[in-house]
Amino acid sequence: ETGVTQSPTHLIKTRGQQVTLRCSSQSGHNTVSWYQQALGQGPQFIFQYYREEENGRGNFPPRFSGLQFPNYSSELNVNALELDDSALYLCASSLGGGGTEAFFGQGTRLTVV
Amino acid sequence: DQQVKQNSPSLSVQEGRISILNCDYTNSMFDYFLWYKKYPAEGPTFLISISSIKDKNEDGRFTVFLNKSAKHLSLHIVPSQPGDSAVYFCAVIPNTGNQFYFGTGTSLTVIP
């Protein structure tokens, strides 16, 4: 059974740039959620995709956008990067659009300079 | 507005003793509760969960207790082992949604 994988693992970007983070969900899972974890904080919900549709969104501005593909893998796009976007971005996959146990990837550490 | 709080940022316990990690939440609409464990450079790993219709769930050395009236969740690890040293996050899910609300984490150190 393939676990959740994220790429890249580390990334450095300049303020104002755009970034795309990728996530492959666990085999058999049709739901992907994205979280942002700032230093010393718990993960904060960005949004969830279920069967290629957005299925809930947290308190993040529109410059955070996403996509889910037919194979249920997903992308997180962030435009106009700000210094405060520096964080660990976590992808979680689960089965079903509701709340269930989710399995997390190792995360992408984004640094904005 | 932090809806889930873990008031102890760190905890040190001797190997073989009990570790008790605590979590408080504010919203009575939360009805599913989970604990995740996180090692450095890894994503959170699911540990144990409990639904609001129960007050206790046990899995080996790990037991989660839920006190709905106090809006309090705790994780007991008995006996604690050095490999348990990690950051532990509690997470809650509302009955009307699908997102996890995480606490800020408690860093557990088990001393050999």
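Located above this text is the structure these notes cover.
Now for a description of the structure that goes with this document. (Residues numbered from 1 in each chain as written. Chains lettered and ligands numbered in written order. Predicted model: local features only at pLDDT ≥ 70, side-chain atom pairs only at ≥ 80, totals over all residues. Heavy atoms only, no water.)

Here's the deal with the state of the cysteines
Residue and element names in this part refer to chain A. What the rule picks out here adds up to 2 disulfides over all chains. Linked covalently through their sulfurs, cysteine 23 and cysteine 91 form a disulfide whose S-S length is 1.7 Å. Because the torsion about its S-S bond is -50°, the bridge between cysteine 23 and cysteine 91 counts as left-handed. Of this pair, cysteine 23 sits in strand β3 (residues 19-24) while cysteine 91 sits in strand β9 (residues 87-94), placing them 68 residues apart in sequence. Residue class for cysteine 23 comes out buried when judged on its relative accessible area of 3%. (Disulfide = S-S within 2.5 Å. Helix = DSSP H or I, 4+ residues; strand = E, 2+ residues; numbered from the N terminus. Buried < 20%, exposed > 50% of the residue type's maximum accessible area, 1.4 Å probe, protein only.)

A word on the environment of glutamate 82 of chain A
Residue and element names in this part refer to chain A. Note on placement: glutamate 82 falls in the loop between β8 (74-78) and β9. Taking the C-alpha atoms as reference points, glutamate 82 and threonine 108, 26 residues apart in sequence, are found 16 Å from one another. Leaving out residues up to four positions away in the same chain, glutamate 82 has contacts with Arg15, Arg63 and Val112. (Contact = heavy atoms within 4.5 Å.)

As for a nonpolar patch on the surface
A cluster of nonpolar side chains, Ile18, Ile20 and Val78 of chain B, forms an exposed patch at the surface whose accessible area comes to about 230 Å². As for its placement among the helices and strands, valine 78 of chain B is situated in the loop between β8 (72-77) and β9 (86-94). (Patch = residues over 30% accessible without salt bridge, like charges linked within 9 Å, V, L, I, M, F, W, Y side chains within 5 Å. Areas by Shrake-Rupley, 256 points an atom, 1.4 Å probe, with all protein chains shown as cover. Salt bridge = Lys/Arg side-chain N within 4 Å of Asp/Glu carboxyl O.)

Comments concerning the interface of chain A and chain B
Of the residues lining the interface, 20 residues belong to chain A; the matching set on chain B comes to 19 residues. Overall, the association of chain A and chain B removes approximately 1,500 Å² of surface from exposure, summing both partners, and the carbon and sulfur fraction of that is 57%. For the pair chain A and chain B, the interface holds 0 salt bridges. Between the two partners, chain A and chain B, sit 2 residue pairs in polar contact (both at pLDDT 80 or more). Looking at the side of chain A that touches chain B, the elements with two or more residues in it are β4 (31-37), β5 (44-50) and β9 of chain A. Across the side of chain A that touches chain B, the residue classes tally to 7 nonpolar, 12 polar and 1 charged. (Buried area = accessible area lost by both parts, 1.4 Å probe. Polar contact = N/O pair within 3.5 Å; in protein donor to acceptor, adjacent residues only side chain to side chain. Nonpolar A, V, L, I, M, F, W, Y, C, P; charged D, E, K, R; others polar.)

Structural notes on the sheet that holds strand β1 (residues 4-5) of chain B
Each strand in a sheet pairs with its neighbour through backbone hydrogen bonds, running either in the same direction (parallel) or in the opposite one (antiparallel). The strand order β1-β3-β8-β7-β6 (chain B) describes an open sheet built from 5 strands, whose pairing is antiparallel. Here the strands that pair on one side only, and so sit at the sheet edges, are β1 and β6 (56-59) of chain B. (Pairing = 2+ DSSP bridges.)

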